Amino acid sequence: MDKLDAMKSARLALSKRFDNPFRERLATMKFSDGYWQLREGLTRLRPAEVEGVQAGERELTVFAPARRIERRGDTLNQPLFTVTFSSPARGVIGVRIGHHLGGRPARPAYRLNVDDDHPVKVDVGAAEARLTSGELSVVIALEGPWDVRFEQDGRPLTNSGARSVGLITDADGKHYVHEQLALGVGETIYGLGERFGAFVKNGQVVDSWNADGGTSSEQAYKNVPFYLSSKGYGVLVDSPARVSFEVGSETTSRNQFSVEGQELGYYVFAGPAPKDVLRRYTALTGRPARVPAWSMGLWLSTSFTTDYTEETTSAFVDGMAERDLPLSVFHFDCFWMRQFHWCDFLWDPIAFPDPAGMVRRLKDRGLRVSLWINPYIAQRSVLFEEGRELGYLLKRPDGSVWQWDMWQAGMAIVDFTNPDAAAWYRSKLQALIDLGVDCFKTDFGERIPTDVAWCDGSDPERMHNYYAQLYNAAVFGLLEENRGEGDAVLFARSATAGGQQFPVHWGGDCESTFEAMAESLRGGLSLASSGFGYWSHDIGGFEGLPDPAIFKRWVAFGLLSSHSRLHGSSSYRVPWAFDDEAVDVLRKFTKLKLSLMPYLMTAAAEAHQDGVPMMRPMVLEFPDDPAVAYLDRQYMLGPDLLVAPVMSVDGEVSFYLPRGRWTSLLTGEVLSGPGWVQQTHAFDSVPLFVREGAVIPIGAVDDRPEYDWADGVELRWFAPSDGQTTVVELPDADGGVAAVIELTLRDGEVESRVIEGVCERYTVKLSSTTSAAEKTA
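Rules used throughout
- All residue numbers here refer to positions counted from 1 along the written sequence of the relevant chain.
- This being a predicted model, a pLDDT of at least 70 is required before a residue's local features are given, and a value of 80 or more before pairs of side-chain atoms are given or counted; all residues contribute to the totals for chains, interfaces and linings.
- Only heavy atoms go into the side-chain values, all of them from the structure, while hydrogens and water stay out.
- The rule for a salt bridge is simple: a side-chain nitrogen of Lys or Arg has to be within 4 Å of a carboxyl oxygen of Asp or Glu.
- Numbering goes from the N terminus for both helices and strands, where a helix is a DSSP run of H or I of at least four residues and a strand is a run of E of at least two.
- Burial here depends on accessible area, computed with a 1.4 Å probe over protein chains only, as a share of the maximum for the residue type. Under 20% is buried, over 50% is exposed, and the range in between is partly exposed.
- Strands qualify as paired when DSSP identifies two bridges or more between them.
- Lines fitted to the C-alpha atoms define the axes, with helices restricted to the stretch that makes contact. Angles between their N-to-C directions range from 0 to 180 degrees.

Colleague: What's the story with the pattern of salt bridges in this structure? I'm lost.
Modeller: Pairing between side chains of opposite charge can happen when the charged atoms of each approach one another. In the structure shown here, the tally under the stated rule is 47 salt bridges. With a closest N to O distance of 2.9 Å, R483 and D438 form a salt bridge. Separated by 45 residues along the polypeptide, R483 in helix α8 (residues 460-483) and D438 in the loop between α7 (419-435) and β27 (439-442) bring together distant segments of the chain. Residue R483 is classed as partly exposed on the basis of its relative accessible area, which comes to 24%. On the basis of relative accessibility, which here comes to 3%, the residue D438 falls in the buried class.

Right under this line is the structure:
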């Protein structure tokens, strides 16, 4: 058994020991035995009708007994549901379903950007009550069985019917509340975090519970209890604890979600387009931060368990430069620290005897430096005893430090609910920033136990997922304090709702196969559907050694993602380790990405300002095309570039083009949609098509991501119509607009003018037209 197999066996044994109790408890969240019956040992109460209404200026509360009230005596010994409707922001309606409301305030809770000043209208009539926020209304029937409808401008979105709401009690006296919202014919559901199974979630059972499960299972590192519907609405379940989703599975015509306890809260977001839903959702939960341009260049890692010293890393950097491979960030993974000492944040003195000098030498070459960290403290770390004495480590209910041997011997967990512990942890990172380190890979944060007592009294079940938010916020905030807004970036693995505020996130541990390449893309598309603006993955795969074909195919996918990193587990990812062609392929796609920086930074600005992700599922950009609903092997990069990664050795690939003319950015080939296309691509090629009428700004520099993107830019206008006028915004380095250029096509000739800002040198090139034209301003 080699070292990698031994590590996998140990990981499996420990996961069986520590993780099974988590998974077994999740199974209790499925309640039905078929459509008519409950599972054995369960009882259920449902609201039968509305008995009373309490209307306020900005909220509406209805009282619903568990059976119809026909006489006064029916009110005795009768459970009563209290359901409150409110609006935290325009076009968003919150629902709070409660049975017994005397419990302690639930902590932690998602931090929402509530707008208390937007208009809310409450109307109560004889037959129905209505609360309206913007275009979105909730309508509650006051007569007959329980019936709650959500509408946008009168258009039905979904509803909660007579069998939808339930309070479940099991044989042990535990309570669960569920809601079931209707799924229409042909309606498809997306999101729920970074999930690597089928992109469309219909028919799936999804448990929102962070886990370190790799990319080949139903588990996920980033669980987000938010889903996006093809009907033009979204739903966020307002709980960082376990949320169990039965998406058209337990009841095929309904999307059920449930939580343990006596209360359930959720928010419905209006559209009408999926992008509109994401704009509203990210406005409430937090928009993605602006990322620095340098982070969008190529990252190279030492890989995980490989042997490396400063000599090794210098050879990698030299090798990239000698082969004309532009490199932006060099990343040191776990073993920059000594084994068994993770994390003490001290360099291994044997491998790196002069860390300050090494970092300086790397930065003198124009590189940024990234370090791997996690929130765990091994018992052998010098920080363990320090953290224990100060009370900064997570404790068991009896006051002892919580420890186990998984990952690091005797490791403990930093308690980020303690502000002093967070400051202590950040102080250790500050020393590294002072050394010249630019960013951190915030690994782990998923395996957070529940048999613990948090410093601030947080509910351990709710803190399990929410821990990732505190961890990444602490590190990201420190980087912003040191570098300023727009220049801070992480490489994070774990997250929950709101985690999009602390970019960037990567897909986690995947195999080095085409199948893993596909599942990684499905994870990225699901995360994008959950409000995350940027995403990355390990080029070539993490586990195992990719063969040259897989590596080269993955390079194109990786460099046509928002962020691009070469990283592996037990083998290096420098391209010359595979073959000479891999070097050429990496050079081509790295330079292509760097030349696209004017376009990519504009797309990044949209993610930051509006919450629309850079990598977009086809259904997000073309919601009215029914053919795109299930597409998960292609995507839009920004609004105008269609990418279909090749996931085969022989280069065969099938992809779909929506209606219109599409032009290959690489070859100039023009194809018309809608329809499916089959092509065969060499390793240095990939389907990369530009939307009809789009202008793609091509930068004048292709050896680094940071340059004046407006200076010398080439504006390539693809398949414009005669008489068409379009406006192009060119970004500046501060997240603003350097120049705005207006283009008009008249009789095959382009008229252009700068209508805002300054752009003294630019060219315009028409593509896919009967006559080519070029204009220099």
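Colleague: Is there a simple way to explain the sheet that holds strand β38 (residues 725-731) in this structure?
Modeller: Pairing between the strands of a sheet is mediated by backbone hydrogen bonds and can be parallel or antiparallel. Taking strand neighbours across the sheet as the criterion, the three strands line up as β38-β39-β40 in an open arrangement whose pairing is antiparallel. The open sheet terminates on both sides in strands that have one partner only, identified here as β38 and β40 (749-757). Sheet twist, expressed as the average angle between the axes of neighbouring strands with direction ignored, equals 25°. Here β38 pairs with strand β39 (residues 737-746) via seven bridges, running antiparallel. By the bridge assignment, L730 is partnered in β39 with A739.

Colleague: How do you make sense of the pairing of strand β11 (residues 148-152) when you look at a structure like this?
Modeller: The side chains of a regular strand alternate, residue by residue, between the two faces of the sheet. When you tally the buried positions in β11, you get four out of five residues, the bulk of the element. The pairing of strand β10 (residues 136-141) with β11 spans five bridges and is classified as antiparallel. Of the residues in β11, the one forming a bridge with V139 is R149. Where β10 folds back onto β11 in an antiparallel hairpin, the turn is made up of six residues, including G144, whose phi is positive at roughly 80°. Direction of pairing for β11 relative to strand β12 (residues 155-160): antiparallel, over a ladder of five bridges. Within β12, the residue paired with E151 across the bridge is P156. Hairpin connection of β11 to β12: two residues between the antiparallel strands, including D153 at a positive phi of 50°.

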